[in-house]
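# Structure at a glance
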Amino acid sequence: MSSIAVPPQPEDSRPLLQRARERFGTRAIAIALALLIELLLALLLLTLAPDILTPPEETVPMKTFGVSPEPESAPEPPSEARPAATEPQPTTRAQSRDADTPPAPAPVVTDPPPAPPLLLDIPLNSMPDIGSIPRRPAAGPAAPARRVAGPPAPGPDPGDSRRVEGRGPNGEPLYAASWFREPYDSELRGYLSTARPPGWALIACRTVQEYRIDSCTLLDEYPDGAQIGRAVLAAAWQFRVRPPRLRGQYQVGEWVRIRIDYEIDSTRVR
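Below is a short write-up of the structure.

Each value, and the rule that gives it
- Residues numbered from 1 in each chain as written.
- Predicted model: local features only at pLDDT ≥ 70, side-chain atom pairs only at ≥ 80, totals over all residues.
- Heavy atoms only, no water.
- Helix = DSSP H or I, 4+ residues; strand = E, 2+ residues; numbered from the N terminus.
- Buried < 20%, exposed > 50% of the residue type's maximum accessible area, 1.4 Å probe, protein only.
- Contact = heavy atoms within 4.5 Å.
- Arc of directions from axis to C-beta.

### With respect to the environment of Arg268
Structurally, the position occupied by Arg268 is in strand S10 (residues 267-269). According to the relative accessible area criterion, Arg268 is partly exposed, its value standing at 46%. For the pair Arg268 and Glu182, spaced 86 residues apart in sequence, the C-alpha to C-alpha distance is 9.4 Å. Setting aside its immediate chain neighbours within four residues, Arg268 contacts Arg259, Ile260 and Asp261.

Pasting the structure below:
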């Protein structure tokens, strides 16, 4: 039997891409390249985001608690004289249960609500004028006490004239009149003849030399319109009054207050 020698086929030296294109066609090669690209993209996503596929495991914190039984007191030995020897055990359990019970919260003490303000029922036609109320000046800081060196100032002399209520025309202090000579009834009768008694008049005068007074002004009279004040002012040029005495010396020029009471049958001076 004779063998037939098969000559070896010549090796194709063309590139693999060209051979595949001739064998499978151009469309098959494009499909293979697209699948390859998709596979590479899938691998890239899996490597970049591994936590998406494997969610993290949730950890639950562990809690520990004890289950040891409550200590109980040892039972007392039985006794013939006391048959109920196990009675103290409920008392011990009751005490331990009371110890475990939390204390009741203390009651919360709240202040009573404030009383509502009082509302005054004032008619609209009689409302007070707020603008006419005098304002109180704001109190400033108290001035520090000043220490004065030397002997203290002398106090009032017991023989000084008494200061009385009222002021002169320009705010001068007034002193009680001390008569050098009280006026006679004949000196006042002619001037008071035009007045209507009974009543009185109060005048303030400045003292001058020789126990005289001038610059007299009317302070008050009663009753109003009785003309007693005008009559006393007209007769004041005859009055003889001592100047006020201050610190043991007479002060000419100070002001004095004089009152003349005019009754129906008599006249009195103060």
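On we go.
### A look at unusual backbone geometry
A cis geometry characterises the amide bond from Pro197 onward to Pro198, with omega recorded as -5°. Secondary-structure assignment places Pro198 in the loop between helix H4 (185-192) and strand S4 (199-208). Residue Tyr222 is joined to Pro223 through a cis peptide bond whose omega torsion reads -10°. With respect to the helices and strands, the residue Pro223 is situated in the loop between strand S5 (212-222) and helix H5 (228-235). Phi at Glu210 takes a positive value of approximately 60°, unusual for a residue other than glycine. With respect to the element layout, Glu210 can be found in the loop between S4 and S5. With a phi close to 55°, Arg247 is a non-glycine residue in the positive phi region. Relative to the helices and strands, Arg247 is located in the loop between strand S7 (245-246) and strand S8 (249-250). On the accessibility criterion, Arg247 (61% relative accessible area) is exposed.

### Topic: H5
The complete set of buried residues in H5 reads Ile228, Gly229, Ala231, Val232 and Ala235. End-on view of H5: buried residues confined to an arc of 160°, all on one side of the axis. Packed against the buried residues of H5 are H4, S4, S5 and strand S9 (255-262).

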